[in-house]
Amino acid sequence: MPLPNARAERPTSLRDYAYRELRDAIVSGQLAPGERLRDPELEAWLGVSRTPIREAIARLETAGLVHTRRAKQTVVAPLDTRTALAAQRIAASLHELAVREAVPQLTEADLDAMRDANAEFAHALRDDDIGAAIVADDEFHDVAVRASANPLLPGLLEQVTPLLRRLERARFGSLAGRGSVGDHDRIIELCAAGLADEGGAAARENWSTLGRLLHFDDDDEAIDDAIPGESAAAVTPTP
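Residues numbered from 1 in each chain as written. Predicted model: local features only at pLDDT ≥ 70, side-chain atom pairs only at ≥ 80, totals over all residues. Heavy atoms only, no water.

(A) Inspection of the overall build of the protein at higher detail. Secondary structure summary: the protein contains nine helices and three strands in total. Starting at the N terminus, the α and β elements of the protein follow one another as α-β-α-α-β-β-α-α-α-α-α-α. Counting all 239 residues of the protein, 46% fall into the buried class. Within the protein, contacts between residues separated by at least 24 positions form 75% of all contacts whose residues are at least 6 apart in sequence. Summed over all atoms, the accessible surface of the protein reaches about 11700 Å², with 49% contributed by carbon and sulfur. (Helix = DSSP H or I, 4+ residues; strand = E, 2+ residues; numbered from the N terminus. Buried < 20%, exposed > 50% of the residue type's maximum accessible area, 1.4 Å probe, protein only. Contact = heavy atoms within 4.5 Å. Areas by Shrake-Rupley, 256 points an atom, 1.4 Å probe, with all protein chains shown as cover.)

Here is the structure:
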(Lines give C-alpha, C1' and ligand atoms only; values in the text may rest on other atoms or scores of the structure.)
Protein backbone atom coordinates (compact mmCIF):
# COMPACT_ATOMS: atom_id res chain seq x y z
CA MET A 1 0.00 0.00 0.00
CA PRO A 2 1.68 3.29 -1.07
CA LEU A 3 1.49 5.82 1.72
CA PRO A 4 2.19 9.57 1.69
CA ASN A 5 4.47 11.21 4.21
CA ALA A 6 2.78 11.89 7.52
CA ARG A 7 3.04 15.35 9.04
CA ALA A 8 5.91 15.91 11.45
CA GLU A 9 3.70 17.45 14.13
CA ARG A 10 0.85 15.56 15.72
CA PRO A 11 -2.04 16.93 17.79
CA THR A 12 -2.72 15.78 21.32
CA SER A 13 -5.62 13.65 20.05
CA LEU A 14 -4.05 10.75 18.16
CA ARG A 15 -7.49 9.67 17.00
CA ASP A 16 -8.09 13.03 15.35
CA TYR A 17 -4.59 13.03 13.90
CA ALA A 18 -5.06 9.57 12.38
CA TYR A 19 -8.47 10.55 11.04
CA ARG A 20 -7.23 13.73 9.36
CA GLU A 21 -4.19 12.05 7.80
CA LEU A 22 -6.27 9.18 6.40
CA ARG A 23 -9.09 11.49 5.29
CA ASP A 24 -6.72 13.83 3.45
CA ALA A 25 -4.90 10.94 1.77
CA ILE A 26 -8.20 9.51 0.53
CA VAL A 27 -9.65 12.87 -0.58
CA SER A 28 -6.47 13.77 -2.46
CA GLY A 29 -6.36 10.40 -4.20
CA GLN A 30 -3.08 9.33 -2.64
CA LEU A 31 -5.00 6.37 -1.29
CA ALA A 32 -6.92 5.10 -4.30
CA PRO A 33 -10.39 3.52 -4.45
CA GLY A 34 -10.14 -0.15 -3.60
CA GLU A 35 -6.83 0.27 -1.76
CA ARG A 36 -6.65 -2.07 1.21
CA LEU A 37 -5.81 -0.44 4.55
CA ARG A 38 -3.69 -2.71 6.71
CA ASP A 39 -3.23 -1.86 10.37
CA PRO A 40 0.51 -2.66 10.59
CA GLU A 41 1.28 -0.42 7.60
CA LEU A 42 -0.89 2.39 8.97
CA GLU A 43 0.76 2.10 12.39
CA ALA A 44 4.20 2.39 10.81
CA TRP A 45 3.13 5.32 8.63
CA LEU A 46 1.36 7.35 11.31
CA GLY A 47 3.46 6.30 14.28
CA VAL A 48 0.42 5.57 16.44
CA SER A 49 -1.08 2.42 17.88
CA ARG A 50 -3.92 0.35 16.47
CA THR A 51 -6.59 1.85 18.75
CA PRO A 52 -6.64 5.44 17.35
CA ILE A 53 -6.34 4.02 13.83
CA ARG A 54 -9.41 1.82 14.27
CA GLU A 55 -11.30 4.74 15.81
CA ALA A 56 -10.34 6.89 12.83
CA ILE A 57 -11.41 4.19 10.39
CA ALA A 58 -14.79 3.95 12.13
CA ARG A 59 -15.29 7.69 11.50
CA LEU A 60 -14.17 7.34 7.89
CA GLU A 61 -16.64 4.50 7.38
CA THR A 62 -19.47 6.62 8.77
CA ALA A 63 -18.46 9.35 6.30
CA GLY A 64 -18.50 6.87 3.40
CA LEU A 65 -14.77 7.06 2.67
CA VAL A 66 -13.87 3.46 3.56
CA HIS A 67 -15.66 0.11 3.65
CA THR A 68 -15.05 -2.83 5.93
CA ARG A 69 -15.52 -5.95 3.89
CA ARG A 70 -15.64 -9.65 4.60
CA ALA A 71 -12.85 -11.01 6.79
CA LYS A 72 -12.70 -7.53 8.32
CA GLN A 73 -10.72 -6.14 5.41
CA THR A 74 -10.87 -2.35 5.22
CA VAL A 75 -10.60 -0.73 1.81
CA VAL A 76 -10.91 2.78 0.43
CA ALA A 77 -14.46 3.23 -0.86
CA PRO A 78 -15.15 3.64 -4.59
CA LEU A 79 -16.15 7.07 -5.86
CA ASP A 80 -19.93 6.93 -5.80
CA THR A 81 -21.65 9.80 -7.60
CA ARG A 82 -25.08 9.01 -6.16
CA THR A 83 -23.76 9.27 -2.62
CA ALA A 84 -21.89 12.47 -3.47
CA LEU A 85 -25.07 14.05 -4.84
CA ALA A 86 -26.90 13.16 -1.62
CA ALA A 87 -24.03 14.73 0.34
CA GLN A 88 -24.17 17.83 -1.87
CA ARG A 89 -27.83 18.43 -1.06
CA ILE A 90 -27.12 18.17 2.66
CA ALA A 91 -24.08 20.46 2.40
CA ALA A 92 -26.09 23.07 0.50
CA SER A 93 -28.74 23.15 3.22
CA LEU A 94 -26.18 23.31 6.02
CA HIS A 95 -24.30 26.20 4.42
CA GLU A 96 -27.55 28.06 3.88
CA LEU A 97 -28.27 27.65 7.59
CA ALA A 98 -24.74 28.77 8.49
CA VAL A 99 -25.07 32.03 6.56
CA ARG A 100 -28.56 32.76 7.85
CA GLU A 101 -27.37 32.36 11.44
CA ALA A 102 -24.04 34.11 10.85
CA VAL A 103 -25.22 37.34 9.21
CA PRO A 104 -26.42 39.08 12.40
CA GLN A 105 -23.08 38.26 14.06
CA LEU A 106 -20.61 38.91 11.24
CA THR A 107 -17.95 41.51 11.98
CA GLU A 108 -16.01 43.58 9.49
CA ALA A 109 -13.06 41.29 10.20
CA ASP A 110 -15.21 38.31 9.20
CA LEU A 111 -16.19 40.00 5.95
CA ASP A 112 -12.56 40.83 5.26
CA ALA A 113 -11.66 37.19 5.86
CA MET A 114 -14.28 36.16 3.30
CA ARG A 115 -12.91 38.68 0.80
CA ASP A 116 -9.35 37.46 1.36
CA ALA A 117 -10.33 33.83 0.95
CA ASN A 118 -12.19 34.62 -2.27
CA ALA A 119 -9.16 36.48 -3.62
CA GLU A 120 -7.04 33.38 -2.89
CA PHE A 121 -9.71 31.26 -4.55
CA ALA A 122 -9.64 33.39 -7.69
CA HIS A 123 -5.84 33.30 -7.76
CA ALA A 124 -5.82 29.49 -7.48
CA LEU A 125 -8.33 29.19 -10.31
CA ARG A 126 -6.17 31.36 -12.54
CA ASP A 127 -3.25 29.05 -11.78
CA ASP A 128 -5.40 25.92 -12.33
CA ASP A 129 -4.40 24.79 -8.84
CA ILE A 130 -7.37 22.69 -7.77
CA GLY A 131 -5.89 21.86 -4.37
CA ALA A 132 -5.35 25.50 -3.43
CA ALA A 133 -8.76 26.43 -4.85
CA ILE A 134 -10.52 23.87 -2.67
CA VAL A 135 -8.61 25.04 0.41
CA ALA A 136 -9.55 28.67 -0.29
CA ASP A 137 -13.18 27.72 -0.98
CA ASP A 138 -13.34 25.90 2.35
CA GLU A 139 -11.79 28.90 4.11
CA PHE A 140 -14.40 31.19 2.55
CA HIS A 141 -17.36 29.12 3.72
CA ASP A 142 -15.81 28.35 7.10
CA VAL A 143 -16.09 32.02 8.06
CA ALA A 144 -19.88 31.80 8.17
CA VAL A 145 -19.80 28.40 9.85
CA ARG A 146 -17.67 29.80 12.68
CA ALA A 147 -19.63 33.04 12.95
CA SER A 148 -22.92 31.16 13.16
CA ALA A 149 -21.79 29.85 16.56
CA ASN A 150 -23.84 26.72 15.88
CA PRO A 151 -21.84 23.97 17.61
CA LEU A 152 -23.36 21.18 15.51
CA LEU A 153 -22.56 22.56 12.07
CA PRO A 154 -18.83 21.70 11.89
CA GLY A 155 -19.42 18.05 12.76
CA LEU A 156 -22.34 17.70 10.37
CA LEU A 157 -20.38 19.27 7.52
CA GLU A 158 -17.43 16.98 8.21
CA GLN A 159 -19.77 14.07 7.48
CA VAL A 160 -20.46 15.21 3.92
CA THR A 161 -17.79 17.64 2.68
CA PRO A 162 -14.90 15.14 2.24
CA LEU A 163 -17.07 13.07 -0.11
CA LEU A 164 -17.66 16.11 -2.29
CA ARG A 165 -14.08 17.29 -2.29
CA ARG A 166 -12.84 13.81 -3.14
CA LEU A 167 -15.09 13.51 -6.17
CA GLU A 168 -14.33 17.08 -7.21
CA ARG A 169 -10.59 16.37 -7.22
CA ALA A 170 -10.98 13.10 -9.11
CA ARG A 171 -13.45 14.25 -11.74
CA PHE A 172 -12.06 17.63 -12.70
CA GLY A 173 -8.49 18.37 -13.79
CA SER A 174 -9.18 21.98 -12.90
CA LEU A 175 -11.97 23.34 -10.74
CA ALA A 176 -15.08 23.56 -12.89
CA GLY A 177 -16.92 26.02 -10.67
CA ARG A 178 -15.21 29.16 -11.92
CA GLY A 179 -18.44 31.06 -11.49
CA SER A 180 -18.02 30.54 -7.76
CA VAL A 181 -15.84 33.66 -7.51
CA GLY A 182 -18.83 35.73 -8.54
CA ASP A 183 -21.10 33.65 -6.31
CA HIS A 184 -18.83 34.39 -3.37
CA ASP A 185 -18.83 38.12 -4.16
CA ARG A 186 -22.62 38.03 -4.12
CA ILE A 187 -22.71 36.21 -0.78
CA ILE A 188 -20.33 38.79 0.73
CA GLU A 189 -22.44 41.65 -0.62
CA LEU A 190 -25.63 40.23 0.88
CA CYS A 191 -23.97 39.45 4.20
CA ALA A 192 -22.51 42.96 4.40
CA ALA A 193 -25.99 44.36 3.79
CA GLY A 194 -27.40 42.28 6.65
CA LEU A 195 -29.67 40.27 4.36
CA ALA A 196 -29.61 36.92 6.12
CA ASP A 197 -32.30 35.14 4.10
CA GLU A 198 -30.95 36.29 0.75
CA GLY A 199 -27.37 35.50 1.75
CA GLY A 200 -28.38 32.03 2.88
CA ALA A 201 -30.19 31.41 -0.39
CA ALA A 202 -27.10 32.53 -2.32
CA ALA A 203 -24.91 30.14 -0.31
CA ARG A 204 -27.30 27.29 -1.02
CA GLU A 205 -27.25 28.07 -4.73
CA ASN A 206 -23.46 28.20 -4.69
CA TRP A 207 -23.24 24.69 -3.25
CA SER A 208 -26.04 23.45 -5.50
CA THR A 209 -23.86 24.25 -8.53
CA LEU A 210 -21.70 21.24 -7.70
CA GLY A 211 -24.72 18.98 -8.05
CA ARG A 212 -25.18 20.10 -11.64
CA LEU A 213 -21.49 19.50 -12.35
CA LEU A 214 -21.82 15.97 -11.04
CA HIS A 215 -24.69 15.07 -13.37
CA PHE A 216 -24.45 11.39 -14.18
CA ASP A 217 -26.09 8.55 -16.08
CA ASP A 218 -28.68 6.84 -13.89
CA ASP A 219 -27.08 3.49 -14.69
CA ASP A 220 -23.70 4.59 -13.24
CA GLU A 221 -23.27 4.05 -9.52
CA ALA A 222 -19.53 4.60 -9.18
CA ILE A 223 -17.15 6.60 -11.32
CA ASP A 224 -13.81 5.15 -10.40
CA ASP A 225 -12.17 1.81 -9.75
CA ALA A 226 -14.44 -0.23 -7.54
CA ILE A 227 -13.40 -2.56 -4.77
CA PRO A 228 -11.68 -5.56 -6.37
CA GLY A 229 -14.21 -8.23 -7.22
CA GLU A 230 -17.14 -5.83 -7.52
CA SER A 231 -18.46 -4.16 -10.66
CA ALA A 232 -18.82 -0.43 -11.19
CA ALA A 233 -18.88 2.01 -14.08
CA ALA A 234 -15.47 3.62 -14.35
CA VAL A 235 -14.80 6.91 -16.06
CA THR A 236 -11.69 8.87 -16.85
CA PRO A 237 -11.31 12.15 -14.90
CA THR A 238 -12.22 15.16 -16.99
CA PRO A 239 -9.05 16.96 -18.18
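(B) Broad picture of the sheet that holds strand β1 (residues 36-37). Spatial strand order, β1-β3-β2: three strands in an open sheet with antiparallel pairing. Only two strands of the sheet have a single neighbouring strand rather than two, namely β1 and β2 (66-68). Here β1 runs beside strand β3 (residues 74-76); their pairing, made up of two bridges, is antiparallel. Across the sheet, Leu37 pairs through a bridge with Thr74, a residue of β3. (Pairing = 2+ DSSP bridges.)

(C) The nonpolar core, seen in detail. Within the largest apolar cluster, 30 residues are counted, with the highest numbers of intra-cluster contacts made by Leu22, Ile26, Leu31, Leu42, Leu46 and Leu60. If one sorts the elements of this core by residue count, helix α1 (residues 14-28) sits on top with six residues. Counting 18 residues, the second largest nonpolar core, distinct from the first, contains Leu111, Ala117, Phe140 and Leu190. (Core = buried A, V, L, I, M, F, W, Y, C linked by side-chain atoms within 4.5 Å.)

(D) Highlighting the environment of Asn150. The residue Asn150 is located in the loop between α6 (130-148) and α7 (153-171) in this model. By relative accessible area, Asn150 is classed as buried at 19%. When the C-alpha atoms of Asn150 and Glu101 are compared, they prove to be 8.0 Å apart, with 49 residues separating the residues in sequence. Residues in contact with Asn150, not counting those within four places in the same chain, are Leu97 and Glu101. Looking at Asn150, its side chain comes within polar contact range of the side chain of Glu101, at 3.2 Å. (Polar contact = N/O pair within 3.5 Å; in protein donor to acceptor, adjacent residues only side chain to side chain.)

(E) View of the packing of aromatic side chains. Scanning the model with the defined rule gives zero aromatic pairs in all. Between Arg59 and the ring centre of Tyr19, over which it is positioned, the NZ or CZ distance is 3.7 Å. (Phe/Tyr/Trp six-rings, centres within 6.5 Å; stacked < 30°, edge-to-face > 60°. Lys NZ or Arg CZ within 6 Å of the ring centre and 35° of its normal.)

(F) How the structure looks around unusual backbone geometry. Phi at Asp128 takes a positive value of approximately 55°, unusual for a residue other than glycine. Relative to the helices and strands, Asp128 is located in the loop between α5 (108-126) and α6. One non-glycine residue with positive phi stands out, namely Ala149, at about 60°. Assignment of secondary structure puts Ala149 in the loop between α6 and α7. Overall, the relative accessible area of 54% leaves Ala149 in the exposed class.

The analysis is restricted to geometry; functional conclusions fall outside its scope.
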